[in-house]
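Given next are the chains, with one letter for each unit.
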Amino acid sequence: MSIFEYNGSALVAMVGKNCFAIASDRRLGVQLQTIATDFQRIFKIHDKLYIGLSGLATDVQTLYQRLAFRHKLYQLREERDMKPETFASLVSALLYEKRFGPYFCQPVLAGLGDDNVPFICTMDCLGAKELAKDFVVSGTASESLYGACESMYKPNMEPEELFETISQALLSSVDRDCLSGWGGHVFVV
């Protein structure tokens, strides 16, 4: 069993018409034993930017604290919020500088850039970015999430339809993965 599968997780971000949605499951487990059913994997960086972290739970919390600290320093220095593309580069650089002893996390970023253009991307634990125009997935349920998202996704969805689509994709995927589940958290911006 990979260290990325130790706690189990399911993360997905999807793009709509001038909006995005990001969703995760709520289970925290140690291999097949469930420890908690309200674990937070999606974190708000600012009003238009969210990050989801799948992987080892301790590294999820540590990495979020470091990213929040770096964003607050940026806000103090620049007197504005970070653009999603800039934040993706920050996350990538932070992960790459720990490449010899990496954080066992796979981030999923979702945000609204200039003119409310949605931006989503995911990375591996070394910070290699994968940009997408439709959806990105991460976690132990990623294989079933790919299938569900490919069958349910349509371009230019309104926020209500996007919420329904991402919720159904997440719930149908975690039913096929014993390491994730217990409902989900969904954020639509």
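All chains use their own residue numbering, which begins from 1 and follows the written sequence. Given that this is a predicted model, residues contribute local features only at a pLDDT of at least 70 and side-chain atom pairs are listed and counted only at 80 or more, while totals for whole chains, interfaces and linings are drawn from all residues. Think of the side-chain values as coming from all heavy atoms in the structure, minus any hydrogens and water.

**Observations regarding the sheet that holds strand 2 (residues 20–25)**
Step number 1: By this definition, two strands are paired if DSSP reports at least two bridges between them. Helix and strand definitions here come from DSSP, where helices need a minimum of 4 consecutive H or I residues and strands a minimum of 2 consecutive E residues; each element is numbered from the N-terminal end. The strand order 10-1-2-11 describes an open sheet built from 4 strands, whose pairing is antiparallel. Because the sheet does not close on itself, it has two edges, and the strands there are strand 10 (135–139) and strand 11 (184–188). Across the sheet, the mean angle separating the axes of adjacent strands is 10° when strand polarity is ignored.
Step number 2: As defined by bridge partners, strand 1 (residues 10–15) adjoins strand 2 across 5 bridges and the pair is classed as antiparallel. Looking across to strand 2, one finds that M14 is bridged to A21.
Step number 3: What makes two residues a contact is simply this: any of their non-hydrogen atoms within 4.5 Å. All axes here are fitted lines through C-alpha atoms, helices being fitted over the stretch that makes contact, and every angle between N-to-C directions spans 0 to 180 degrees. Here helix 3 (residues 142–152) sits on the sheet in contact with strand 1 and strand 10, set at roughly 160° to strand 10.

**Notes on the state of the cysteines**
Two cysteines whose sulfur atoms are joined by a covalent bond form what is called a disulfide.
Step number 1: Cysteine sulfur atoms that come within 2.5 Å of each other are treated as a disulfide pair. This structure, assessed with the given rule, holds 0 disulfides.
Step number 2: The thiol sulfur of C105 is not disulfide-bonded, and the nearest other cysteine sulfur, from C125, lies at 9.0 Å.
Step number 3: To sort residues, take the accessible area from a 1.4 Å probe on protein chains only and compare it with the maximum for the residue type: under 20% means buried, over 50% means exposed, and anything in between is partly exposed. Take C105: its relative accessible area is 0%, and that puts it in the buried class.
Step number 4: C149 provides the cysteine sulfur closest to C178, a residue in no disulfide bond, and the two sulfurs are 20 Å apart.
Step number 5: Residue classification places C178 among the exposed positions, given a relative accessible area of 58%.

**Observations regarding the packing of helix 1 (residues 57–78) against helix 2 (residues 84–96)**
Step number 1: Direction vectors running N to C along helix 1 and helix 2 enclose 130°, while the axes themselves pass 11 Å from each other. Here helix 1 is positioned oblique relative to helix 2, judged by the angle of their axes. The handedness of the crossing between helix 1 and helix 2 comes out as right-handed. Two secondary-structure elements touch here, helix 1 through L63, R66, L67 and R70 and helix 2 through F87, L90, V91, L94 and L95. Here the word oblique covers every angle except those under 35 degrees (roughly parallel), over 145 (roughly antiparallel) and from 65 to 115 (roughly perpendicular). With the far helix as reference, a near helix turned anticlockwise by less than a right angle produces a left-handed crossing, and one turned clockwise produces a right-handed crossing.

**Observations regarding the pattern of salt bridges**
Step number 1: When a carboxyl oxygen of Asp or Glu lies within 4 Å of a side-chain nitrogen of Lys or Arg, that pair is called a salt bridge. Applying the stated criterion to the full structure yields 7 salt bridges.
Step number 2: Notably, a salt bridge pairs R70 with E97, separated by 3.5 Å at the nearest N-O pair. Taken together, the residues R70 in helix 1 and E97 in the loop between helix 2 and strand 7 (105–112) connect sequence positions 27 residues apart.
Step number 3: Its salt-bridge partner being K154, residue E161 comes within 2.5 Å of it at the nearest N-O pair.
Step number 4: Through salt bridges with shared partners, one network takes in R66, R70 and E97.

**Observations regarding the pairing of strand 5 (residues 42–46)**
Step number 1: Most of strand 5 sits inside the fold, with 4 of its 5 residues counted as buried.
Step number 2: By the bridge criterion, 4 bridges tie strand 5 to strand 6 (residues 49–55) in an arrangement that is antiparallel. Paired with H46 across the bridge in strand 6 is L49.
Step number 3: Turn length for the strand 5-strand 6 hairpin, with the two strands adjacent in sequence and antiparallel, is 2 residues.

**Considerations on a nonpolar patch on the surface**
Step number 1: A cluster of nonpolar side chains, namely I3, Y6, V30 and I35, defines an oily patch on the protein surface of about 300 Å² accessible area.
Step number 2: By the element assignment, Y6 lies in the segment before strand 1. Only residues whose relative accessible area exceeds 30% and that form no salt bridge are eligible for patches; like-charged ones are grouped when within 9 Å, while nonpolar side chains (Val, Leu, Ile, Met, Phe, Trp, Tyr) are grouped when within 5 Å. Computed with a 1.4 Å probe, the accessible areas rest on the Shrake-Rupley method; for each residue, only the protein chains presented here act as cover.

Any link to function would need more than the numbers given here.
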